[in-house]
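Survey of secondary and tertiary structure
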Amino acid sequence: MSSSTETMGRCPVAHGAEAPAGHHGYEPFQLKDPFPAYAELRAEQPVMFDERTGLYVVSRYEDIKAVFEDWETFSSENAQAPVRERGAAAKKIMEDGGFTAYSGLSARRPPEHTRIRAVVQKAFTPRRYKALEPAIRQNVIELTEGMLAQPDHQGDVFRDIAYDVPTITILALIGADTSQVDTFKRWSDSRAAMTWGDLSDEEQIPHAHNLVEYWQECLRLVRVAHEDGGDNLTADLVHAQAEGADISDHEIASVVYSLLFAGHETTTTLIANSLRVLLAHPEQWRQLVDDPARIPTAIDEVLRYSGSIVAWRRKALKTADVAGVQIPEGAELLLLMGSANRDAAKFDDGEAFDISRPNAREHLSFGFGIHYCLGNMLAKLQARIVLEEVTRLAPTLTLRDPEQITFRENISFRVPEAVPVSWEAA
């Protein structure tokens, strides 16, 4: 059975509206517990047009995998487009601020995507991961010990551990200032809200200012790499360009813009969800405490059961058929990976969390096909280190008030606001 933290009931739809009849309980911007609605969609209407968002919602594993794989029919060009159109005030702020950021890779199509990914992949190497591992582990130990020093034996693993670890890692990888975690988190929150949220024109204004600052910092990092070099991924890309690689400064800045978001936001969520879900299943948490070798498989099961990204978009470049439903040319689709990952046609007893599941790695949380997440190994590395150290240093960790855990409102990223915990005194 799924844990109470996953089935504690849904909040009302944003702005107080209820899901219309015939939508099987699906509420696009509410992610506290979307899984019962996902199950209804898979059973009753695996391809549903949602007039609230203008998206064809696809919920079964094989259908979603097929759409990801057919990039010639289903373009990724809308993956980073705002779900809700930007208002006039936000547009002016961004235009006046010189905001011209574009997707690093996820919204680009071949041959452009193929060209840029080939350059980036050469810089995004296991050598860099290995070089970062000691610093990641030391950071995790210090943060965990800092949390455990709280005299009331209570903490929040989201804020105390998951918040900093991936941000510091990606800032070091990119060559940014690792002391500015809160600034980059503020910019990332604005990017998520402006792209995948449901903000009013007025609510968009402060986020528009943040995006201008964010983009100007990405441009600055590329300039610094040209002027000073450095041992970081941005400098690697600039060096590759100097040696003849076909990538422009604007494209490098766009890659940095993407990595400074995707490189920590979803990993923060993966770490938080790993701890949240495992602690909600104490018998499985204990298995990892007793046998840390099981941690990598457990991480894949967390990614399947409670992934950081539960939905992603595509655009039909021609009329196409998905599960017997005709998708018109130009129509946009929302692929519910969070639903696909629990599809019983693919995963036996898919609503259950089981760290021994033999095919957990076949989840779609990193996508599929040419846009498969380039940073998946780095995300798993950090989650593994966190679980290794937290199970060692805090084996008695217990989830506190799980029914009070809330999730941010947006259409794609299932992010807990906090993961409160307690532990036994040493």
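So, here is what we can say about the structure in this document. Remember, it's a predicted structure, so these values are computed and weren't measured experimentally. (Residues numbered from 1 in each chain as written. Predicted model: local features only at pLDDT ≥ 70, side-chain atom pairs only at ≥ 80, totals over all residues. Heavy atoms only, no water.)

1. Overview of the overall build of the protein
- A count of helices and strands for the protein gives 16 helices and 10 strands.
- Taking 22 Å as the expected radius of gyration for a compact globule of 426 residues, we find that the protein reaches 21 Å, a close match to that expectation.
- Considered along the principal axes of its C-alpha atoms, the protein spans approximately 55 × 55 × 40 Å.
- Within the protein, the fraction of its 426 residues that count as buried is 56%.
- Across the protein, the fraction of contacts at a sequence separation of at least 24, relative to all contacts at a separation of at least 6, is 75%. (Helix = DSSP H or I, 4+ residues; strand = E, 2+ residues; numbered from the N terminus. Rg over C-alpha atoms; globule rule 2.2 N^0.38 Å. Buried < 20%, exposed > 50% of the residue type's maximum accessible area, 1.4 Å probe, protein only. Contact = heavy atoms within 4.5 Å.)

2. Brief notes about the packing of aromatic side chains
- Counted by the stated rule, this structure contains 16 aromatic pairs.
- Between Trp 196 and Trp 312 the ring centres are 5.7 Å apart and the planes differ by 25 degrees, which places this aromatic pair in the stacked class. In this pair, Trp 196 sits in helix α8 (residues 181–196) while Trp 312 sits in strand β5 (residues 312–316), placing the two residues 116 residues apart along the sequence. Across this residue pair, the class does not change: Trp 196 and Trp 312 are buried.
- Plain terms: the ring middles of Trp 312 and Phe 413 are 6.0 Å apart, the flat faces sit at 85 degrees to each other, and that makes the pair edge-to-face. Of this pair, Trp 312 sits in strand β5 while Phe 413 sits in the loop between β9 (398–399) and β10 (420–422), and the two are 101 residues apart along the sequence. (Phe/Tyr/Trp six-rings, centres within 6.5 Å; stacked < 30°, edge-to-face > 60°.)

3. A look at the pattern of salt bridges
- By the definition in use, this model includes 30 salt bridges.
- Of the charged contacts, one joins Glu 133 and Arg 137 as a salt bridge, the two residues approaching to 3.5 Å between their closest N and O atoms. Of this pair, Glu 133 and Arg 137 both sit in helix α5 (residues 126–148), four residues apart, roughly one helical turn.
- Since its relative accessible area comes to 22%, Glu 133 is described here as partly exposed. (Salt bridge = Lys/Arg side-chain N within 4 Å of Asp/Glu carboxyl O.)

4. What about the sheet that holds strand β1 (residues 47–50)?
- Taken in spatial order, the five strands make up an open sheet running β1-β2-β8-β5-β3, and their pairing is mixed. Since the sheet does not close on itself, it has two edges, and those belong to β1 and β3 (74–75), each with one partner. (Pairing = 2+ DSSP bridges.)

5. Overview of the sheet that holds β9
- Taken together, the three strands give an open sheet; going across it, the order is β4-β10-β9, and neighbouring strands pair in antiparallel fashion. The two strands at the open ends of the sheet, each matched to only one other strand, are β4 (154–156) and β9.
- Pairing of β4 with β10 involves three bridges; the strand directions are antiparallel. Bridge assignment links Gln 154 to a residue of β10, and that residue is Ser 422.

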